[in-house]
Every structure is written in C-alpha cells, then in structure tokens.
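# Structure assessment
Listed below, chain by chain, are the residues.
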Amino acid sequence: MPSVAFEPQVVPDPPVWPQSVVTVVGNPRPGSRTAAAAASVAELLASELGTPYRIDELVDLVTFAPAIFEREAVERAALESAIDLVTSASVLVLATPVYKGSYTGLLKSFLDVLPPQALAGAVVVPVTVSAAPSHKLLADQHLRPVLAELGASVPVPGVILEERDLEDLQVVLSTWIRTNAAIIQATTLALQPVAEPTPDR
C-alpha cells in the first residue's frame, strides 16, 4: 500500500501579553484624586502582569475637553491621539468619580466619539470613586452597558472606591489585584486574534 505524505504545518506563535495598560480618566478637574487612583490601579496591575507601566499612556480627558465637546481644531490632534491609543489597547483602566449617581458627562462624551465596536478585543477595568457608600456602585453599573455596546470585555468586578479608601489606597488595591489580575491576563490572551496555520510548502 502506498504511503500517504502529510505536509507539515507551521504552528502560529502563541499570543503575546500586551506591552502596556492604558488608562483613561473622566474627572473634569485637572490633577484629580480619581486620576491618581487610576494611575495606581494601572501601575499595580501592570506590575502584577509583568508588563511595563508608562505614564504617557494615561489619558486625562480634561486636558483636551474642548475638543471632545466642541470638536475644536486646536486640540483635535490630542483627541485623535487618545482615540487611537484607547482603540488599540488590550487592557484599559477607565476611571470616573460618581457624579449625580452616574459617571461624568466628560467620560460619556468621550465614549460617544469612539467608533462602533471600538473596544472589541479589549479588557476594561472600571474604576469609580464615590463620596457616599450608597452611591458607590452606581457609576460602575451605568458604565457596563455602554462598554458592552462598544464591544469591551469586563470580566472582573470594577475597582469601587470611596473617598476614604484613597487614604490607604495601596492596601485597598492589593486584595483586588491579587484576586483579579490572573483573570484579566487570561481573558486578554483569549481575546487576542490567532493567525491561521499555513502549510509549509
């Protein structure tokens, strides 16, 4: 019986862990405690995942708010750069204070300018800061439907902070990081596109 020759196939490389964790801050006040908390979450998460943390990948929306609300040409380049950074992110930390029982209008307006399915393939970690315990879950609850509409995956509970938590933030975040970092990494790897194997000719 003649032997059958099988062509060996080239197996694609395994998915590569993302090179950074992108952060977006929706507080309308510059230099806010929300921004500081978001940066801490991103830095600790990046460290736990073994990937670099870069401060230049923190997008503070207040720095180019006129371009978001009024499409001013002067700051249009900053807005477009932020959109490019966010839509290419594998892991996105999205932070907002709780404002009138929800997330801020600044953050909503930025999410509104993103193209359809802009966050498809991204893992998003919501971070909210509230003044009152009774309001602490509201922004996270309101954000999740919008993130789903944009195609994002939100596989873990958000980082839900009260203002008093900011006084000892590292302790508060350490438990959250230990509990959720592995899930974030696994989800991110699962969402990465895998190239089809090609025959070795």
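Residues numbered from 1 in each chain as written. Predicted model: local features only at pLDDT ≥ 70, side-chain atom pairs only at ≥ 80, totals over all residues. Heavy atoms only, no water.

## Brief notes about the layout of surface pockets
- Here the largest pocket is characterised by a volume of approximately 370 Å³.
- Counted by class, the lining of the largest pocket contains eight nonpolar, seven polar and four charged residues. (1 Å grid on protein atoms, 1.4 Å probe; cavity = no way out; pocket = protein on both sides within 12 Å on 5 of 7 lines; lining within 4 Å. Points joined across faces, edges and corners; volume = space filled by probe spheres on them. Nonpolar A, V, L, I, M, F, W, Y, C, P; charged D, E, K, R; others polar.)

## Focus: the pattern of salt bridges
- For the coordinates displayed, the defined rule picks out seven salt bridges.
- Asp-112 is the partner of Lys-108 in a salt bridge, and the nearest nitrogen-oxygen pair spans 2.9 Å. In this pair, Lys-108 and Asp-112 both sit in helix 4 (residues 105–113), four residues apart, roughly one turn of the helix.
- Looking at Lys-108, the relative accessible area reads 41%, which means it is partly exposed.
- Here Arg-144 ties to Asp-140 by a salt bridge, and the two come within 3.1 Å at their closest N and O atoms. A residue pair is termed a helical-turn pair when its members lie 3 or 4 positions apart in one helix, as Arg-144 and Asp-140 do in helix 5 (residues 138–149) at four residues.
- The structure contains a network of salt bridges with shared partners spanning Lys-136, Glu-162 and Arg-164. (Salt bridge = Lys/Arg side-chain N within 4 Å of Asp/Glu carboxyl O. Helix = DSSP H or I, 4+ residues; strand = E, 2+ residues; numbered from the N terminus. Buried < 20%, exposed > 50% of the residue type's maximum accessible area, 1.4 Å probe, protein only.)

## Details of the environment of Val-172
- Topologically, Val-172 is positioned in helix 6 (residues 169–191).
- Taking the relative accessible area as the measure of exposure, Val-172 reaches 32% and is therefore partly exposed.
- With 13 residues separating them in the primary sequence, Val-172 and Val-159 have C-alpha atoms 9.4 Å apart.
- In this structure Val-172 touches Leu-161 and Asp-165, once residues within four positions along its chain are discounted. (Contact = heavy atoms within 4.5 Å.)

## Topic: the environment of Ser-88
- Relative to the assigned elements, Ser-88 resides in the loop between helix 3 (76–87) and strand 4 (91–97).
- A distance of 2.9 Å separates a polar side-chain atom of Ser-88 from the backbone oxygen of Asp-84.
- At a separation of 3.1 Å, a polar atom in the side chain of Ser-88 contacts the main-chain carbonyl oxygen of Leu-85. (Polar contact = N/O pair within 3.5 Å; in protein donor to acceptor, adjacent residues only side chain to side chain.)

## Let's talk about the confidence of the model for the protein chain
- Per-residue confidence for the protein chain gives a mean pLDDT of 87; residues scoring 70 or more make up 85%.
- Taking the mean pLDDT of every element in the protein chain, the minimum, 54, falls on strand 1 (residues 9–10) and the maximum, 97, on strand 2 (residues 22–25). (pLDDT = per-residue confidence, 0-100.)

## Details of the environment of Ala-89
- Positionally, Ala-89 belongs in the loop between helix 3 and strand 4.
- When the C-alpha atoms of Ala-89 and Val-124 are compared, they prove to be 9.3 Å apart, with 35 residues separating the residues in sequence.
- Beyond its immediate stretch of four places on either side in the chain, Ala-89 contacts Val-22 and Ala-122.

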